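# Reading the structure
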2 protein chains.
Amino acid sequence: MTVTVQSFKDYLKKIKSYEEALNLMAWDLRTMIPKKGMDQRSEVIGQLSETIHTLKTSEEMKRFLDELPAEVESDPVMKQMLNVCQKDYDRDSKIPTAEYTAFVTLRSKAETVWQDAREKNDFSMLAPYLEQLVEYNQRFSEYWGYKDNRYNGLLDQYEPGLTTDVLDPVFDELKQALSTLVKKIQQSDVEVDSSQLLHYFPKDKQQAFSLSVLDKMGYDFDAGRLDETIHPFAIGINQGDVRVTTRYDEHDFRTAIFGTIHEGGHALYEQNIDSEFALTPLAEGTSMGIHESQSLFWENFIGRSEAFWKSQYRSFLSFAPEAFQTIELSDFYRAINEVKPSYIRIEADELTYSLHIIIRYELEKALIEGSLKVKDLPEAWNDKMESYLGIRPTTDREGVLQDIHWAGGDFGYFPTYALGYMYAAQLHEAMSKQINIPMMIQTNDFEPMKEWLTEHVHRHGRMKEPLEIINDVTGEGLNPNYLINYLTEKYQVIYQWN
Amino acid sequence: MTVTVQSFKDYLKKIKSYEEALNLMAWDLRTMIPKKGMDQRSEVIGQLSETIHTLKTSEEMKRFLDELPAEVESDPVMKQMLNVCQKDYDRDSKIPTAEYTAFVTLRSKAETVWQDAREKNDFSMLAPYLEQLVEYNQRFSEYWGYKDNRYNGLLDQYEPGLTTDVLDPVFDELKQALSTLVKKIQQSDVEVDSSQLLHYFPKDKQQAFSLSVLDKMGYDFDAGRLDETIHPFAIGINQGDVRVTTRYDEHDFRTAIFGTIHEGGHALYEQNIDSEFALTPLAEGTSMGIHESQSLFWENFIGRSEAFWKSQYRSFLSFAPEAFQTIELSDFYRAINEVKPSYIRIEADELTYSLHIIIRYELEKALIEGSLKVKDLPEAWNDKMESYLGIRPTTDREGVLQDIHWAGGDFGYFPTYALGYMYAAQLHEAMSKQINIPMMIQTNDFEPMKEWLTEHVHRHGRMKEPLEIINDVTGEGLNPNYLINYLTEKYQVIYQWN
């Protein structure tokens, strides 16, 4: 085989084609497939994943990576494509195959055990699996190599370029500020009551309103669709086919509406990557954190803003049943922004959510560093909940057993959720200097915000690293102050402290 | 690589996994995909098809085919797997790659030209493409090799083991008999009027009735689903996931109801192949003709029978709008069985349909043999229509330009539609000896028919060749008399000739 730029592109196209097939199978598995098709489908997904893995770590790929860099010196796009492939190659080829297979098997078992352990509220069932999964992750990080802290090797998988020496002080500052805000809110005399939102709201009406909001956001229905699932997600199958799903709770419309806006934000990212990158590994979001910044920007900075409901409330009421018609807009706005420390991360409000994340970050970092033992995890979890949120779980089910991530062998993923909040706030601040966001929202014109995000974030795909995007847009690196300021201003108005 | 039975099975599993991905992409392309996703999807489908083609004709496959037969002498299933793979290998490896690629490109162009030519009613636009496509098919058949007639090489792709020396006399007999029946019906005094069925019938109600019929047929909804498309189809994605689609015409319910039953018949076949064959090439229908026999058995022998409507009419009326409530069952039954020679194949009734097929068979065989020129095709078409059906098309749009098959490079496919009718009649006759079909239908018990078909047809997958199935069940080969007798008896009752 002759190694040429063209043969490399053909090779990448082949990988991306298999990934398109894989993504469609994954979407179908969660939305459409009849139950008897699932077993074989899972096998087929495994088969195709293996093929992709083989292609990314093949001798052929190695030759591209060894021989092409000299040739493409003056072509930044090709250079970045090689970088991205080199990274995948390194990650995947450095772990001995047998060890990785054993890890995958263990992880799959641990996920099953986790379901059982959570149901039985028995952490000791899961503990031996977690111990092994931690050890695997420690070894993987050693194989990959890292700077300073072993946890950095894991973090880099999800947020390339980010390290604990950046994250630690940022999370400390954020934690401090959020805990202070939580206390102020708890001491506030203002009563915010979200239970007034819990009226029956038929699914088809929720869907119609969700579709109208997606449409206003600029989600392109000629390049996507909205379906129903248990766990909502967005998935880019190809650049003209980026699908979102949502879940309808007929007794709490917030699940579907905010879920749709959130996934819509992810989808706008994938729909608006430069088409020049189609069928290459650059046609993806650049990191989990930046991806999450897009979903959270739309969900919170737009979807939970006062301006948004001022402009959408009439439309909302036109879909909503009788029981909603007497809720004043100002009460409604406060109710969807109620802050209340709670045990479960995925039910947390905009303000306390990052505290849940920081707890997980601190714990998983300590596990990987070796300064915390798995057996001490439940106690450590509860202590941190009490310290940061002022509430102490009484069972592990509402504590350390609530998330699947660790049982799934994922360490280093959690912080990206909180990064998304901070990035979103930084982007929001930068955007505000150029666009009067509330005014645009109130005139029902969402186009400028979407265009701005496309210009500064979406179109670049993986051409830019996450912190490069943030730096280019804001002139500085990761900075928690914009999120802190935004939350302080917003909730000061709602909870009216001095 | 060591060639072992296990490595062969793994290899087949890999091929089948890619085929599952490909089938899901094909289903999605016709049901779910947003329009901007189609271009890249088509490319990806091409990429995956190429991968499958490469796997089926690889050096590795050749080694399996060369080295394994001695080892599996006593294992009939493995032997048949090797047979089937050998066949694919021969077909795909004998055509020079460059020539096949040129053919695929030409075919794709010709399909586009065909759409235009049909719209403009201008056969001369398509003729030069057809000439080349005929030449390609002639050469392909030479590459593959054939017995007696060059057309047999093509026919064998779709109906393994069938040849023109069997088909010619069978079609002659059938043609004769059907033409006679058509004349008797035209001379009959009985007025059958299907226009009384053309009332508005809302889509959701048609769907509900269609679902109820699929359910009664024994279609397993835990292993499939019903969706909407422009061109209905059934597709086996895996054995626990066999999907059907239908089209709803709100002004003619027959499209959806009989379309659903037809596709449901195809789906029952794929749902009931022995699970022992999963992830091997035996887990498919054995031929186009046998597949069509299953769809037509359910659509016509069950779905258009008097017994069926006696048992289902009350249910039908419960979904149907007011305007249907005054139609007497006997009128309804006659109306759905109206016979009327018409120009368009896909709108033809049960009786004249096979005449449309025989015309195409005779013409395409003459083209491949070289005794008919493409330029003479429209005239030859119209002559045969007049001779067999008593009507002469006045435009090529309602004549030779109506089907996409030839523009798509498919020669040898058409006869399988009529084979399906004859096989279905033969199976129906054999089944009738063991099961009182009308009585079962009238007691709403469809299980015995489904079980019988599973036992004799479905479960075998590609373990048996088509004529082997027919022989094993009926004790004889292809025989048109059962279809002729069935149609004669049925329509004599409806049209009451002497």
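Residues numbered from 1 in each chain as written. Chains lettered and ligands numbered in written order. Predicted model: local features only at pLDDT ≥ 70, side-chain atom pairs only at ≥ 80, totals over all residues. Heavy atoms only, no water.

### Considering the interface of chain B and chain A
Condition: Two residues qualify as a contact provided that any one of their heavy atoms is within 4.5 Å of a heavy atom in the partner residue. For this document, the term salt bridge refers to a Lys or Arg side-chain nitrogen within 4 Å of an Asp or Glu carboxyl oxygen. Whenever a nitrogen or oxygen atom comes within 3.5 Å of another N or O atom, the pair is scored as a polar contact, on the condition that within protein one atom can donate a hydrogen and the other can accept it, and that pairs from neighbouring residues in sequence are kept only if both atoms are in side chains.
Across the boundary between the two partners, chain B contributes 37 residues, which contact 37 residues of chain A. One can count 12 salt bridges joining chain B with chain A. Two residues, arginine 243 of chain B and aspartate 28 of chain A, come together in a salt bridge whose shortest N-O distance is 2.7 Å. At the junction of chain B and chain A, the tally comes to 24 residue pairs in polar contact (both at pLDDT 80 or more).

### As for the sheet that holds strand E3 (residues 241-246) of chain A
Strands in a sheet are paired, the pairing made by backbone hydrogen bonds, and the direction either parallel or antiparallel. Residue and element names in this part refer to chain A. This is how it is decided: Two strands pair if DSSP finds at least two bridges between them. Numbering of helices and strands runs from the N terminus; a helix is a DSSP stretch of H or I covering at least four residues, while a strand is a stretch of E covering at least two. Axis definition: a line fitted to C-alpha atoms, limited for helices to the stretch in contact. Angles are taken between N-to-C directions and run from 0 to 180 degrees.
Spatially, E1-E3-E2 is the arrangement adopted by the three strands of the open sheet, whose pairing is mixed. Each edge of the open sheet carries a strand with a single partner, namely strand E1 (226-228) and strand E2 (234-238). Mean inter-strand twist for the sheet, computed between neighbouring axes without regard to direction, equals 30 degrees. On top of the sheet, helix H1 (residues 5-31) reaches E1, E2 and E3; it is set at about 140 degrees to E2, its chief contact.

### Quick look at the nonpolar core
Soluble globular proteins: nonpolar side chains tend toward being buried together. Applied cut-off: Throughout this description, the term nonpolar core refers to a set of buried Ala, Val, Leu, Ile, Met, Phe, Trp, Tyr and Cys residues connected via side-chain atoms within 4.5 Å. The cut-offs for exposure are 20% and 50% of the maximum accessible area for each residue type, with area from a 1.4 Å probe on protein chains only; residues under the lower value are buried, those over the upper are exposed, and the others partly exposed.
By size, the foremost hydrophobic cluster in this structure holds 201 residues, and its most contacted members are Phe8, Trp298, Phe316 and Met449 of chain A together with Phe8 of chain B. Take this core: its biggest share by element is 11 residues, from helix H16 (residues 415-432) of chain A. Not counting chain neighbours up to four residues away, the residues in contact with phenylalanine 8 of chain A comprise Met61, Phe64, Leu68, Met78, Met81, Leu82 and Cys85 of chain A. Within the second largest apolar cluster, 129 residues are counted, among which are Ala117, Phe123, Leu367 and Ile435 of chain B.

### A word on the packing of aromatic side chains
Rule in force here: The criterion for an aromatic pair is that two Phe, Tyr or Trp rings (for Trp, the six-membered ring) have centres within 6.5 Å, with stacked assigned to planes under 30 degrees apart, edge-to-face to planes over 60 apart and tilted to the rest. In this analysis the charged atom, NZ for Lys or CZ for Arg, is taken to sit over a ring once it is within 6 Å of the ring centre and within 35 degrees of the ring normal.
Per the counting criterion, the structure on display carries 81 aromatic pairs over all chains. On the numbers, 5.9 Å between centres and 50 degrees between planes, the contact of tyrosine 136 of chain A with phenylalanine 140 of chain A is tilted. Of this pair, tyrosine 136 of chain A and phenylalanine 140 of chain A are both found in helix H6 (residues 123-144), four residues apart, which corresponds to roughly one turn of the helix. For phenylalanine 140 of chain A, a relative accessible area of 2% corresponds to the buried category. Ring plane angle 50 degrees and centroid distance 5.1 Å describe the contact between phenylalanine 8 of chain B and phenylalanine 64 of chain B, whose orientation is recorded as tilted. In this pair, phenylalanine 8 of chain B sits in helix H1 (residues 5-31) while phenylalanine 64 of chain B sits in helix H3 (residues 59-67), placing the two residues 56 residues apart along the sequence. Accessibility expressed as a relative area gives 0% for phenylalanine 8 of chain B, which makes it buried. Using a relative accessible area of 0% as the deciding quantity, one classes phenylalanine 64 of chain B as buried. Aromatic ring contacts, followed pair by pair, group Phe201, Phe209, Phe253, Phe258, Phe308, Trp309, Tyr313, Phe316, Phe319, Phe324, Phe332 and Phe446 of chain A into a single cluster. Arginine 91 of chain B extends its terminal NZ or CZ atom over the ring of tryptophan 144 of chain B, reaching a point 5.4 Å from the ring centre.

### With respect to the pattern of salt bridges
By the definition in use, this model includes 80 salt bridges over all chains. As a salt-bridge pair, lysine 87 of chain B and aspartate 156 of chain B come within 3.0 Å of each other at their nearest N and O atoms. Remark: aspartate 156 of chain B occurs in helix H7 (residues 150-158) and lysine 87 of chain B occurs in helix H4 (residues 76-94); sequence separation between them is 69 residues. Here the salt bridges do not stand alone but share partners, grouping Lys16, Glu19, Lys56, Asp88, Glu284 and Arg462 of chain A into one network.

### Here we look at helix H6 (residues 123-144) of chain B
Applicable threshold: A helix is expected to reach a length of 1.5 Å times the quantity of its residues less one.
The terminal C-alpha atoms of H6 of chain B lie 30 Å apart, and with 22 residues this matches the ideal 32 Å at 1.5 Å per residue to within 8%. Buried residues belonging to H6 of chain B abut H4, helix H5 (97-120), H7, helix H14 (353-369) and helix H15 (377-389) of chain B.

### Considerations on the environment of proline 96 of chain A
On the secondary structure map, proline 96 of chain A appears in the loop between helix H4 (76-94) and helix H5 (97-120). Residues proline 96 of chain A and valine 473 of chain A, spaced 377 residues apart in sequence, show a C-alpha to C-alpha distance of 40 Å.

### Examining the relation of the copies chain B and chain A
Convention followed: Fitting of the copies onto one another was done by least squares over C-alpha atoms, counting residues only where both copies have pLDDT of at least 70.
It takes a turn of 179 degrees to lay chain B on chain A, together with a shift of 0.0 Å along the axis; the resulting RMSD is 0.1 Å. Look at the turn and shift together and you get a two-fold axis relating the two. Among all C-alpha atoms of chain B, that of alanine 21 of chain B lies closest to the rotation axis, at 3.0 Å.

### A closer look at the UniProt feature "active site" (unreviewed entry) in chain A
Residues and elements named next belong to chain A. So the rule is basically this: UniProt positions are given in the numbering used here, feature names are shortened, and annotations may be inferred rather than shown by experiment.
The UniProt record marks Glu263 with the feature "active site" (unreviewed entry), using the residue numbering of this structure. Summarising the element assignment, glutamate 263 is placed in helix H10 (residues 254-271). By relative accessible area, which is 10% here, glutamate 263 ends up buried. When near neighbours in sequence (up to four residues on either side) are disregarded, glutamate 263 contacts Pro232, Phe233, Ala234, Val244 and Thr245.

### Considering the UniProt feature "binding site: Zn(2+)" (unreviewed entry) in chain A
Residues and elements named next belong to chain A. UniProt records the feature "binding site: Zn(2+)" (unreviewed entry) at His262, His266 and Glu292, using the numbering of this structure. For this annotated set, covering 31 residues, all C-alpha atoms fall within 8.7 Å of each other, a compact arrangement in space. Secondary-structure assignment places histidine 262 in helix H10. Leaving out residues up to four positions away in the same chain, histidine 262 has contacts with Glu292, Ser295, Leu296 and Glu299. Separated by 3.5 Å, the side chains of histidine 262 and glutamate 292 make a polar contact. Residue placement: histidine 266 occurs in helix H10. Non-local contacts of histidine 266, meaning those with residues more than four positions away in its chain, are made with Ala234, His291, Glu292 and Ser295.

### Details of the environment of isoleucine 437 of chain B
Residues and elements named next belong to chain B. In this fold, isoleucine 437 is placed in helix H17 (residues 437-442). Sequence spacing of isoleucine 437 and leucine 22 is 415 residues, and the spatial spacing of their C-alpha atoms is 38 Å. Residues contacting isoleucine 437, with those up to four places away along its chain left out, are Ile302, His428, Met431, Ser432 and Met449.

### So, the sheet that holds strand E1 (residues 226-228) of chain B
All names here are of chain B. Spatial ordering of the open sheet is given by E1-E3-E2, a layout of three strands whose pairing is mixed. The open sheet is flanked by E1 and strand E2 (234-238), the only strands paired with a single partner. Here the strands of the sheet are splayed against their neighbours by 30 degrees on average, with no regard to which way each runs. Here three bridges tie E1 to strand E3 (residues 241-246), and the two strands are oriented parallel to one another. When the sheet's bridge partners are listed, glutamate 228 is paired in E3 with threonine 246.

### Some remarks on the packing of helix H8 (residues 164-187) of chain B against helix H20 (residues 481-495) of chain B
All names here are of chain B. Threshold: With respect to orientation, any angle under 35 degrees is reported as roughly parallel, any angle over 145 as roughly antiparallel, any angle of 65 to 115 as roughly perpendicular, and every other angle as oblique. For this classification, the nonpolar set comprises Ala, Val, Leu, Ile, Met, Phe, Trp, Tyr, Cys and Pro, the charged set comprises Asp, Glu, Lys and Arg, and every other residue, Gly included, is treated as polar.
At a minimum axis distance of 10 Å, the contact between H8 and H20 shows a crossing angle of 5 degrees. On the basis of the axis angle, H8 is roughly parallel to H20. For the pair H8 and H20, the contacting residues are Glu173, Leu174, Ala177, Leu178, Leu181 and Ile185 in the first and Asn481, Leu483, Ile484, Leu487, Thr488, Tyr491 and Tyr495 in the second. When its residues are assigned to classes, the contact of H8 with H20 shows 10 nonpolar, two polar and one charged.

### Comments concerning the domain arrangement of chain A
Residues and elements named next belong to chain A. We apply this condition: Throughout, the edges of the domains are those of an automatic or database domain assignment. Throughout, the accessible surface (probe 1.4 Å) given up by two parts as they are put together, summed over both, is called the buried area.
Domain parsing of chain A yields domain 1 (5-94) and domain 2 (122-498). When the two sides are added together, the surface that domain 1 and domain 2 hide from each other amounts to roughly 2300 Å², 62% of it contributed by carbon and sulfur. The largest per-residue losses of area from domain 1 upon contact with domain 2 belong to Lys16, Trp27 and Arg91, which jointly make up 27% of the total buried on that side. Taken together, the connections running from domain 1 to domain 2 amount to two salt bridges. Summed over the shared surface of domain 1 and domain 2, the number is six residue pairs in polar contact (both at pLDDT 80 or more). Sort the elements by how many residues they give to the side of domain 1 that touches domain 2 and H1 lands first, with 12 residues.

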